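# Reading the structure
Below are the chains, spelled out letter by letter.
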Amino acid sequence: MMSFLRSITNYPSLSLIQSCQSFKEIRQVHTQLLVNGILEEPSLLGKFIASIALSYPDKLDYSNHILSRCQNPTVFALNTMIRAYSKSHSPWHSFHFYSQILHADRLVPDNYTFTFLVRTCAHESTLQNSSAVHATVMKRGFESDPHVQSGLIHMYAELQASDSACRVFEGIDCPDLVTQTTMVGACACSGNIGFAQRLFDKMPHRDLVAWNAMIAGYAQCGKSREALELFSQMQIEGAGINEVTLVSVLSACAHLGALDQGGWAHAYIERSRLKMSVTLGTSLIDMYSKCGVVSKALEVFWKMGDKNVFTWSSMIGGLAMNGVSEKCLEMFSLMKEEGIFPNEITFISVLHGCSVAGLVSEGKMHFDSMTQVYGLKPWHEHYGCMVDLYGRAGLLIEAFNFIQNMPIKPHAGAWGALLHACRIHKNLEVGEFASRRLVELEERNDGAYVLISNIYADSGKWNGVSDIRRLMKSKGVRKEPGCSVIEVDGVVHEFFAGDKTHPRYREIEFMVGEISRRMKIAGYVANTKEVLFDVEDEEKEDALCRHSEKVAIAFGLLALREGLVIRIVKNLRVCGDCHDATKVISKVFDREITVRDRNRFHHFKDGKCSCGDYW
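In this report, the structure presented in the accompanying data block is examined. (Residues numbered from 1 in each chain as written. Predicted model: local features only at pLDDT ≥ 70, side-chain atom pairs only at ≥ 80, totals over all residues. Heavy atoms only, no water.)

Now for the packing of aromatic side chains. Counted according to the given criterion, the structure contains 20 aromatic pairs. On the numbers, 5.8 Å between centres and 70° between planes, the contact of Phe231 with Trp264 is edge-to-face. Of the two residues, Phe231 is situated in helix α15 (residues 224-236) and Trp264 in helix α17 (residues 259-271); the sequence distance between them amounts to 33 residues. We classify Phe231 as buried; its relative accessible area is 4%. Ring geometry for Phe495 versus Phe555: centroids 5.4 Å apart, planes at 50°, classification tilted. (Phe/Tyr/Trp six-rings, centres within 6.5 Å; stacked < 30°, edge-to-face > 60°. Helix = DSSP H or I, 4+ residues; strand = E, 2+ residues; numbered from the N terminus. Buried < 20%, exposed > 50% of the residue type's maximum accessible area, 1.4 Å probe, protein only.)

Put into structure tokens, the structure is as follows:
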């Protein structure tokens, strides 16, 4: 727009554009330009269109109307519209202006045309259409233009076609910083994080965009520890930090339950006086919620000026996963009072909140309101939540009938929720049926085999346990190993069941023994049914002591000073024995312990759990 302003200094009416503060003023200037006949010059008209289309992207219809009245539009004007629409909610309209270039006399598409057109394909296209655009780029001779190359790499990355992105990159003799950065981002976002890291390491100059792409890539593919390690390296090398960086870092902290590092990010935001945008605020709420600190999440929520449906949904979800169901439903009611229209994600959180508290009638009411009141079509996740709601409450027949009457084909999540309910309520008959259906859908779902094994073990049917183990072995299915994570002084420590690699292993082993000794004095008796082997009780007790969360708790007692909450994140659902044991540990050692498992939070204090043993 600045080049436009420089070219119109001889036109007082056009110079008014520089001082316009609203679209209303733009329209007034437009009227003046028409009256003076200034816009009869195609080049000036094109620059005027550019000033509106790029400064007011929500007013593209107005820009389009102006362009439609021009008999001889310039390539610049049409490229501007392609560019503006490529960023809009209807990017496919860009092709309309490309068609105008092709069919106009004396107009030929240039490198900018294809740069913006490729960007359109990245947002709204199929791989087939995008490949056709790529072929046209080559036919027109623009395949060597660095901006087009960068756009092609980004396009293929957005379409999850990392191999095609790599082929484009390999065809560049001397990729510049922009192209290298785009390739790093493309591979990182598509999950090809290894290649992205190798390319990143070779870059002579790494700008903020490249750092952000790598950190986001690690966070998105579940490698949160690596994301935070890279963030530490980024700070050591003195790279800048912006909102994009912090959102990725907060996501990694949320995944790991790394409260110390998440708190540091929050302090950095306040210290640097960064604007608390909706995205940043929502990320903070999510981080604090997933670290089990609901009070801080609420503090951030109430301080935020602007909130959208995702902000409200994140807060409602945080309350649900922490078992604060009453507050969760109150927040949902307040959201509606504020005029915020709930979306599908909101209802997943609401239904989860009802499920963990056993609020069956409330959950059914909210589920029905999705279609009847808000016109929302339930997702698979909503149906799974309803099965879980009925199942947890012991209403297995209702849960089974709900699955049978679903308007969509029952999915793995629904059968898995029913199987889990059968495990809770020890219903072997329905559990066997649900496990067969689940394995039919997902033959290598290790959870299906483990849950039915648990049900057999609860019933003392060790032959059934052995049959399941043989079946898993024949199909090559391996049980996902239990892993628990704890953060101490900003460093994340991982523990696996039976793992002996930690530097303080001997101390931890001694503490595990001390925990066991003091628990027995307190009258604790291990729930040996959780061990899926028909062995002596003493061996079962020893196996239970080596569960990953117990090892992590032992390390927390060693490494964290008294008074600090021990916060554990576990990748699997906490077993019954570990749940009972953690209640006793919290009382015997006078320590508050928070465990986030695959499904929800458990806040242990004074021998009790926040879930009230309903989990």
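Now for the sheet that holds strand β6 (residues 608-609). What the 6 strands build is an open sheet, ordered β2-β1-β3-β4-β5-β6; its pairing is mixed. At either end of the open sheet lies a strand with only one pairing partner, and these are β2 (491-496) and β6. Judged from the 4 bridges that link them, strand β4 (residues 593-596) and strand β5 (residues 601-605) form a sheet pairing that is antiparallel. Bridging from a neighbouring strand, Val595 pairs with His602 of β5. Across the sheet, helix α16 (residues 243-256) touches β1 (483-488), β2, β3 (566-570) and β4, and the angle it forms with β4 is around 105°. Strand contacts of helix α32 (residues 548-559): β1, β2, β3 and β4, with the helix running at about 15° to β1, the strand carrying the most contacts. (Pairing = 2+ DSSP bridges. Contact = heavy atoms within 4.5 Å. Axes fitted to C-alpha atoms, helices over the stretch in contact; angles between N-to-C directions.)

On to a nonpolar patch on the surface, then. Residues Phe310, Ile345 and Trp379 make up a contiguous nonpolar surface patch of about 280 Å² in total accessible area. Locating Ile345 in the fold gives a position in helix α22 (residues 344-357). (Patch = residues over 30% accessible without salt bridge, like charges linked within 9 Å, V, L, I, M, F, W, Y side chains within 5 Å. Areas by Shrake-Rupley, 256 points an atom, 1.4 Å probe, with all protein chains shown as cover. Salt bridge = Lys/Arg side-chain N within 4 Å of Asp/Glu carboxyl O.)

With that settled, the discussion passes to the side chain of Ser94. You can see Ser94 is positioned in helix α7 (residues 94-103). Of the polar contacts made by the side chain of Ser94, one reaches the backbone nitrogen of Ser86; its length is 3.3 Å. If near-sequence neighbours (up to four positions away) are discounted, Ser94 is found in contact with Ile82, Tyr85, Ser86, Leu117 and Thr120. (Polar contact = N/O pair within 3.5 Å; in protein donor to acceptor, adjacent residues only side chain to side chain.)

We now examine the pairing of β2. Two elements, β1 and β2, share 6 bridges in a ladder whose sense is antiparallel. In the sheet register, Ile486 faces β2, and the bridge partner there is His493.

Here Phe200 is to be found in helix α13 (residues 193-202). Taking the relative accessible area as the measure of exposure, Phe200 reaches 0% and is therefore buried. In this structure Phe200 touches Val184, Arg206, Ala210, Trp211, Met214 and Leu230, once residues within four positions along its chain are discounted.

One face of the sheet, then the other: side chains in a regular strand alternate in exactly this way. Across the 6 residues that make up β1, a large majority, 6, are buried. Residues of β1 alternate between two faces, with Cys483, Val485 and Glu487 on one and Ser484, Ile486 and Val488 on the opposite face, all of them buried. In sequence, β1 turns back onto β2 through a hairpin of 2 residues, with Asp489 there showing a positive phi of about 55°. Where β1 meets β3, 3 bridges bridge the pair, whose relative direction is antiparallel. Paired with Ile486 across the two strands is Ile568, which belongs to β3.

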